[in-house]
Amino acid sequence: MSVGSFPINITEESDMASTKGVPRMGKMLIELMTLLGAVGLSNSAIQRPDYDDTAAPEFLNPSWMADLPDSRPLSEVTMPGTHNTMAIYGGALAECQSWSLASQLRAGVRFLDVRVRHVRGNLTIHHGVSYQRAHFGDVLEGVADFLREYPSEMVLMRLKEEFSETFDIYGAVVSYIHLYADWDLLWHSRLMPTVGQARGKLIVLQDFGGPDLGMRYSSLDIADDWKVPTLLHVAEKWQSVHEHLETAHVGNKAYIFLTYGSGAGIFAYPNAIAQRINARLYDYLMALMGQNRRFGIITMDFPASPLLQMIINFN
């Protein structure tokens, strides 16, 4: 990895220790890049087994749920997801993914994290202040098209308001569903479906008020310690991820467990965090391959196809 003409190979444990013997100006530069999440400053695309910020997945797996038994409760399925699924614009501080929605779904992603800005009934996609050149209808059409093509699959979607504070998006969401999808596309219950019941369905994990559209996001067992001030705090982030994954294995199987591997801070860009957390996640899962484990939903920034496949294989 390099930034400009300065080669770097930084891990969270050695970020500062590795500057021993470096001239003072070079040491200061390395420390500054570390605090700023130096990888976020690089324009070069990377495709590793755990991390991928290129334009397209290495390989696709669009119908992996076809092999799941119909009788299995959804809460016992292990699946990959993406954090801020539509956040592919806005620079290093805002971008969390590099693949389109269609590519993510075809690569095997089954949990989407969608944020909408509500202005006079319009629902545009945002990550903070960054408009993502899409609206909620684009998401609904993309999911509906995918499920029509692959009816063995299901999609879970957390939906919440972002960069607006109306606290009243229910009516607009319903209007968009009727305009851009179909009312019968949704799983209309708070109850936990089986795989068979959920096939071909969009399960809205409702993170907003109003009557039930689907399941409530708050009903999940969630670990989302997303604040990572600098790259020196990556070890703490990984500890949170690791502990929740371990808990998911032995936890109440009536609940869906949701673990966010994503994180960010003013001095740690999402891609810099993802490169480090995804690598740890890959090694952790690799060591457990062949074991009978239930992890629930593992949600990431910039996941790679081999990492998605590794998560899927635990089913």
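- Identification of the protein chain as Phosphatidylinositol-specific phospholipase C X domain-containing protein from Oncorhynchus tshawytscha is taken from an unreviewed UniProt entry.

**Regarding helix 6 (residues 234–250)**
Inference 1: Taking 1.5 Å per residue as the helical rise, helix 6 with its 17 residues ought to reach 24 Å, and the 25 Å between its terminal C-alpha atoms agrees with that figure.
Inference 2: Of the positions making up helix 6, those classed as buried are Val234, Lys237, Trp238, Ser240, Val241, His244, Leu245 and Ala248. The buried residues of helix 6 occupy one face: seen down the axis, they fall within an arc of 155°. Away from its buried face by more than 90 degrees, helix 6 exposes Glu236 and Val250.

**Remarks on the packing of helix 7 (residues 270–288) against helix 8 (residues 305–312)**
Inference 1: It is the contact of helix 7 with helix 8, at a shortest axis distance of 10 Å, that shows an interaxial angle of 40°. Looking at the two axes, helix 7 sits oblique to helix 8. The way helix 7 lies across helix 8 gives a crossing that is left-handed. Note on element contacts: helix 8 touches helix 7 through Pro306, Leu307, Met310 and Ile311, opposite Asn278, Leu281, Tyr282, Leu285 and Met286.
Inference 2: For the contact of helix 7 with helix 8, a count of residues per class yields eight nonpolar, one polar and no charged.

**Notes on the side chain of Gln206**
Inference 1: Mapped onto the elements, Gln206 comes out in strand 8 (residues 202–206).
Inference 2: Leave out the neighbours within four places in its chain, and Gln206 touches Leu159, Tyr170, Pro211, Asp212, Leu213, Gly214, Met215, Arg216 and Tyr217.

**Some details on the pattern of salt bridges**
For side chains of opposite charge, pairing can occur when their charged atoms come near one another.
Inference 1: Counted by the stated rule, this structure contains 13 salt bridges.
Inference 2: The salt bridge involving Glu162 is made with Arg115; its shortest N-O contact spans 3.1 Å. Here the residue Glu162 occupies a position in the loop between strand 7 (155–161) and helix 4 (170–180), and Arg115 occupies one in strand 4 (residues 111–119), the gap between them amounting to 47 residues. Side by side, Glu162 and Arg115 carry an identical accessibility label, which is buried.
Inference 3: Of the charged contacts in the structure, one is a salt bridge between Asp207 and Arg158, with a shortest N-O distance of 2.9 Å. Highlighted residues: Asp207 in the loop between strand 8 and strand 9 (215–216) and Arg158 in strand 7, separated in sequence by 49 residues.
Inference 4: On the basis of relative accessible area, Asp207 is assigned to the partly exposed category, the value being 27%.
Inference 5: Residue Arg158 is classed as buried on the basis of its relative accessible area of 7%.
Inference 6: Within this structure, Asp113, Arg115, Arg158, Lys160, Glu162 and Asp207 form a network of salt bridges that share partners.

The rules behind these values
- Residues numbered from 1 in each chain as written.
- Predicted model: local features only at pLDDT ≥ 70, side-chain atom pairs only at ≥ 80, totals over all residues.
- Heavy atoms only, no water.
- Helix = DSSP H or I, 4+ residues; strand = E, 2+ residues; numbered from the N terminus.
- Expected span 1.5 Å × (residues − 1).
- Buried < 20%, exposed > 50% of the residue type's maximum accessible area, 1.4 Å probe, protein only.
- Arc of directions from axis to C-beta.
- Axes fitted to C-alpha atoms, helices over the stretch in contact; angles between N-to-C directions.
- Parallel < 35°, antiparallel > 145°, perpendicular 65-115°, else oblique.
- Left-handed = near helix turned anticlockwise from the far one by under 90°.
- Contact = heavy atoms within 4.5 Å.
- Nonpolar A, V, L, I, M, F, W, Y, C, P; charged D, E, K, R; others polar.
- Salt bridge = Lys/Arg side-chain N within 4 Å of Asp/Glu carboxyl O.

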